[in-house]
Amino acid sequence: MEPTETKKKTPRSTGEFVPELAYFEPEALNYPKGERIFQWIKDKGIPYRMTTSHNRITNLPGETEVEQYKIAKRTLVVGVRKTLKFDTSKPSAEYAIPVATGCMGHCHYCYLQTTLGAKPYVRVYVNTDDILKQAKQYIEERKPEITRFEAACTSDPVGLEHISGSLKEYIEFMGQEEFGRLRFVTKYHHVEPLLDAKHNGHTRFRFSVNAAYVIKNFEPATSRFEERIEAAGKVAKAGYPLGFIVAPIIWHDGWEEGYTELFEKLASTLPEEATRDLTFELIQHRFTKTAKTVIEKRYPKSKLEMDEAKRQYKWGRWGQGKYVYPKDQAEALREFITERIFEKFPQAKLEYFT
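Going by what an unreviewed UniProt entry lists, the chain is known as Spore photoproduct lyase and is assigned to Paenibacillus swuensis.

Below, the structure is given as structure tokens:
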């Protein structure tokens, strides 16, 4: 009797985000985008409620705080963005342009754990014309200098594009702006709606990548590494300038092998187009005391190391400090990863390490 071959299982494709509950501001339904999303929600048979404000969703279901948090991550709130003053977004851009707030991913280390506090639900804005009008004003004020806008400061807009369609609008708007540029980063591979956008090379499409240990243990509900890299290839072939953010860089057992393997996989998988005008941004893991408390409550079994005694305290610009790696560890991470990048991608540009 011949031995039977064991077939290698093909991993299932990571599905698009489909909310389990939706809220709408009545005013949002006066906008074509709001009306279209409302119809999509009804067609999917998703339960929905009305709310007076996208900033105040108080009656979420769930017996415990952790249950409510999990449900909030599967809740879509559709509203009108009233605040049109953009935040700054150093070091990656001059301004953060609002597309959405909140994310369906469950990355244990994410700074949105604390910046969104008790509002972890996913909000999309329907008045994109108003937002782009404001962006135009910022561009006019700074020209002839280039003004860069970061679209992923408070969300992962690629993972919401099939619902909102906003990112394509922003890309095509910036494609027409001589002095405007768009940037965003994603952990999702659902890039098809953006491949035919008229971007004119004015949008840098970045993917968040990491060592296998980090993705496996700390990035639930996001696309697999292989899916992200395949999507990066499609994006490069569509003519977008490409970038990768390695964040957060985490010191763990076998980190040298983990990060070496990351860049080997990137180099062996990416098409030639992807290596032209390629950028890397490096961000070491950091946390605040508040973040640590929230993360431990929401992800009690997380393996994320947050021992203040092993870290160095670094003051932040608003007076609240954060814990980063001590200088010798940070320098070892920076040197090692920088060497791996230029070994595999000698023409790439390293934008910063922080």
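**Some details on helix H4 (residues 128-142)**
With 15 residues, H4 extends 21 Å from end C-alpha to end C-alpha; this agrees with the ideal 21 Å at 1.5 Å per step. Every buried residue of H4 is listed here: Thr-128, Ile-131, Leu-132, Gln-134, Ala-135, Tyr-138 and Ile-139. Seen along its axis, H4 keeps its buried residues to an arc of 155°; they face one direction. The outward face of H4, more than 90 degrees from its buried face, is lined by the exposed residues Asp-129, Lys-133 and Glu-141. On its buried side, H4 packs onto helix H1 (32-44), strand E5 (93-96), strand E7 (122-125), strand E8 (147-150), helix H6 (166-175) and strand E9 (180-186).

**Concerning the pattern of salt bridges**
This model, assessed by the stated rule, comprises 29 salt bridges. Between Glu-192 and Lys-234 there is a salt bridge whose closest N-O contact spans 2.6 Å. Taken together, the residues Glu-192 in the loop between E9 and strand E10 (203-209) and Lys-234 in helix H8 (residues 225-237) connect sequence positions 42 residues apart. Judged by relative accessible area, Glu-192 falls into the partly exposed class, the value being 43%. Since its relative accessible area comes to 31%, Lys-234 is described here as partly exposed. Note that Lys-265 and Glu-261 form a salt bridge whose closest N and O atoms lie 3.8 Å from each other. Separated by 4 residues within a single helix, Lys-265 and Glu-261 lie in helix H9 (residues 255-269), roughly one turn from each other.

**Remarks on the side chain of His-252**
Tracing the sequence through the fold places His-252 in the loop between strand E11 (242-249) and H9. Since its relative accessible area comes to 8%, His-252 is described here as buried. Other than its neighbours up to four places away in sequence, His-252 contacts Ala-211, Tyr-213, Val-214 and Tyr-259.

**Details of the nonpolar core**
By size, the foremost hydrophobic cluster in this structure holds 95 residues, and its most contacted members are Ile-97, Phe-149, Phe-244, Tyr-259 and Leu-266. Apart from residues lying up to four places away in sequence, Ile-97 is in contact with Phe-86, Ile-131, Leu-132, Ala-135, Phe-149, Glu-150, Ala-151, Tyr-170, Met-174 and Leu-182. Grouped together as the second largest cluster of nonpolar side chains are 7 residues, Leu-21, Leu-60, Ala-72 and Tyr-121 included.

**Concerning the layout of surface pockets**
Taken as a whole, the second largest pocket spans an internal volume of roughly 290 Å³. Lining the second largest pocket are 15 residues, and of these Leu-60, Gln-68, Ala-118, Lys-119 and Pro-120 lie nearest its centre. Element by element, the count of residues in the lining of the second largest pocket is highest for helix H2 (residues 65-72), at 5 residues. In terms of residue class, the lining of the second largest pocket is made up of 8 nonpolar, 3 polar and 4 charged.

**What about the sheet that holds strand E6 (residues 100-101)?**
Reading across from one edge, E2-E1-E3-E7-E6 is the order of the 5 strands in this open sheet, with mixed pairing throughout. The strands lining the two open edges of the sheet, one partner per strand, are strand E2 (48-50) and E6. In this structure, strand E1 (residues 21-24) lies alongside E2, joined through 3 bridges in parallel fashion. By the bridge assignment for E2, Phe-24 is matched with Met-50.

**Section: the pairing of E9**
Remark: a regular strand shows side chains that alternate across the two faces of the sheet. Among the 7 residues of E9, 6 are classified as buried, and the element is accordingly described as predominantly covered. Here 4 bridges tie E8 to E9, and the two strands are oriented parallel to one another. When the sheet's bridge partners are listed, Phe-149 is paired in E9 with Leu-182.

**Considerations on the confidence of the model for the chain**
Here the chain averages 93 in pLDDT, while 96% of its residues score no lower than 70. For the stretch residues 1-6, pLDDT sits under 50, and the model shows 0 contacts to residues farther than four places along the chain or on other chains.

**Re empty space enclosed by the protein**
Scanning all chains against the criterion turns up 1 cavity of 30 Å³ or more. Each pocket or cavity is described by its volume, and for the largest cavity that value is around 80 Å³. Taken together, Tyr-69, Lys-73, Gly-102, Cys-103, Cys-110, Leu-112, Gln-113, Leu-116, Gly-117, Pro-120 and Arg-298 make up the full set of residues lining the largest cavity. Considered class by class, the residues forming the lining of the largest cavity number 6 nonpolar, 3 polar and 2 charged.

**Considerations on the environment of Leu-21**
Mapped onto the secondary structure, Leu-21 falls in strand E1. Judged by its relative accessible area of 7%, Leu-21 falls in the buried class. Each C-alpha atom, one on Leu-21 and one on Thr-269, is 38 Å from the other, the two residues being 248 residues apart in sequence. In this structure, Leu-21 is in contact with Ile-46, Pro-47, Arg-49, Leu-60, Pro-61, Arg-74, Thr-75 and Leu-76, ignoring residues within four places of it in sequence.

**Some thoughts on the environment of Val-324**
Mapped onto the fold, Val-324 is located in strand E14 (residues 322-324). Among the residues examined, Val-324 registers a relative accessible area of 4% and is labelled buried. Linking Val-324 and His-285, residues 39 residues apart in sequence, is a C-alpha distance of 6.5 Å. The residues contacting Val-324, other than those within four sequence positions of it, are Gln-284, His-285, Arg-286, Arg-311, Gln-312 and Lys-314.

Rules and cut-offs
Residues take numbers from 1 onward in each chain, read along the sequence in its written order. For this predicted model, a pLDDT threshold of at least 70 governs which residues receive local features, and a threshold of 80 or more governs which side-chain atom pairs are given and counted, while totals over whole chains, interfaces and linings are taken from all residues. Only hydrogens and water are set aside; all other atoms, that is, all heavy atoms of the structure, feed into the side-chain values. Each helix is a run of H or I in the DSSP string that is no shorter than four residues. Each strand is a run of E no shorter than two, and both are numbered from the N terminus. The span expected for a helix works out to 1.5 Å for each residue beyond the first. Burial classes: relative accessible area under 20% of the type maximum marks a residue as buried, over 50% as exposed, and values in between as partly exposed (1.4 Å probe, protein chains only). Each direction from the helix axis to a C-beta atom contributes to the arc, which is the arc of those directions. Should any heavy atoms of two residues lie within 4.5 Å, those residues are counted as being in contact. One side-chain nitrogen of Lys or Arg within 4 Å of one carboxyl oxygen of Asp or Glu is enough to make a salt bridge. By nonpolar core we mean a set of buried residues, namely Ala, Val, Leu, Ile, Met, Phe, Trp, Tyr and Cys, connected to one another through side-chain atoms within 4.5 Å. Think of a 1 Å grid over just the protein atoms. A cavity is a set of points where a 1.4 Å probe fits yet cannot get out, a pocket is an open set with protein on both sides within 12 Å along at least five of seven lines, and lining residues have an atom within 4 Å of a point. Grid points are joined across faces, edges and corners, and a volume is the space filled by probe spheres set on the points. Amino acids are sorted into nonpolar (Ala, Val, Leu, Ile, Met, Phe, Trp, Tyr, Cys and Pro), charged (Asp, Glu, Lys and Arg) and polar (every other residue, Gly among them). Strand pairing is assigned whenever DSSP detects at least two bridges linking the two strands. pLDDT measures how confident the predictor is about each residue, on a scale from 0 to 100.

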